[in-house]
Amino acid sequence: MRRALVVRAVVSSAALVSFVAGLLALAKGSSPQSANLPLAGAALVLVGALTRRYGIALPGTGFSSYVIGRMLFAILDRGWAFAAVTAPFVMLVGDVVLRRLPLRGALNNAAHLTAGTAFVGLMYGRIGGETGAGALSAGNVGPIAFALVLLPMIVNG
């Protein structure tokens, strides 16, 4: 039991640091931005929340949603900072408002999603992954494959 609390504290701390670092990166302009950043954020939060609502129920208490695909899109479109800032809102709106889960569980899910997405997004940028229109170029296939494999492993691990 104590070990689980330590893991939860580490993941929650990493998520909080990722969220604040993402906000700072967006505020300083060191992350890709455009004039419609707030609109894109709101649209992606809505889409991500809907992916949480209309996921696939698994045996027991499991649930699988397509939120990982939404997070990959956010990384490819605007970078790790944008994904890390929008991730907790996606999970909280989707789990609390649409799925009616307890806040504690939704916060735990949001921490895993935020920390994992920020980590994979940073690694994607580190290996030369491009954002925006360049993300879908032929030369970016390797970094996309890396992110595509690593994102569900880190977030769900």
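Residues numbered from 1 in each chain as written. Predicted model: local features only at pLDDT ≥ 70, side-chain atom pairs only at ≥ 80, totals over all residues. Heavy atoms only, no water.

### Brief notes about the layout of surface pockets
Approximately 380 Å³ is the volume found for the largest pocket. Of all the secondary-structure elements, those providing two or more residues to the lining of the largest pocket are strand E2 (63-64), helix H3 (67-78), helix H5 (103-126) and helix H6 (141-156). Take the lining of the largest pocket: its biggest share by element is three residues, from H5. Looking at the second largest pocket, its volume works out to about 210 Å³. Lining of the second largest pocket is provided by Ser12, Ala15, Leu16, Phe19, Pro88, Leu92, Leu107, Ala110, Ala111 and Thr114. Secondary-structure elements contributing two or more residues to the lining of the second largest pocket are helix H1 (2-28), helix H4 (80-98) and H5. (1 Å grid on protein atoms, 1.4 Å probe; cavity = no way out; pocket = protein on both sides within 12 Å on 5 of 7 lines; lining within 4 Å. Points joined across faces, edges and corners; volume = space filled by probe spheres on them. Helix = DSSP H or I, 4+ residues; strand = E, 2+ residues; numbered from the N terminus.)

### Notes on the pattern of salt bridges
Applying the stated criterion to the full structure yields three salt bridges. For arginine 52, the salt bridge identified is with aspartate 95, shortest N-O distance 2.9 Å. Pair noted here: arginine 52 is in helix H2 (residues 37-53) and aspartate 95 is in helix H4, with a separation of 43 residues, a long-range link. The pair formed by arginine 52 and aspartate 95 is uniform in burial state, with each residue classed as buried. Its salt-bridge partner being aspartate 95, residue arginine 99 comes within 3.1 Å of it at the nearest N-O pair. The exposure class assigned to arginine 99 is partly exposed, which follows from its relative accessible area of 23%. (Salt bridge = Lys/Arg side-chain N within 4 Å of Asp/Glu carboxyl O. Buried < 20%, exposed > 50% of the residue type's maximum accessible area, 1.4 Å probe, protein only.)

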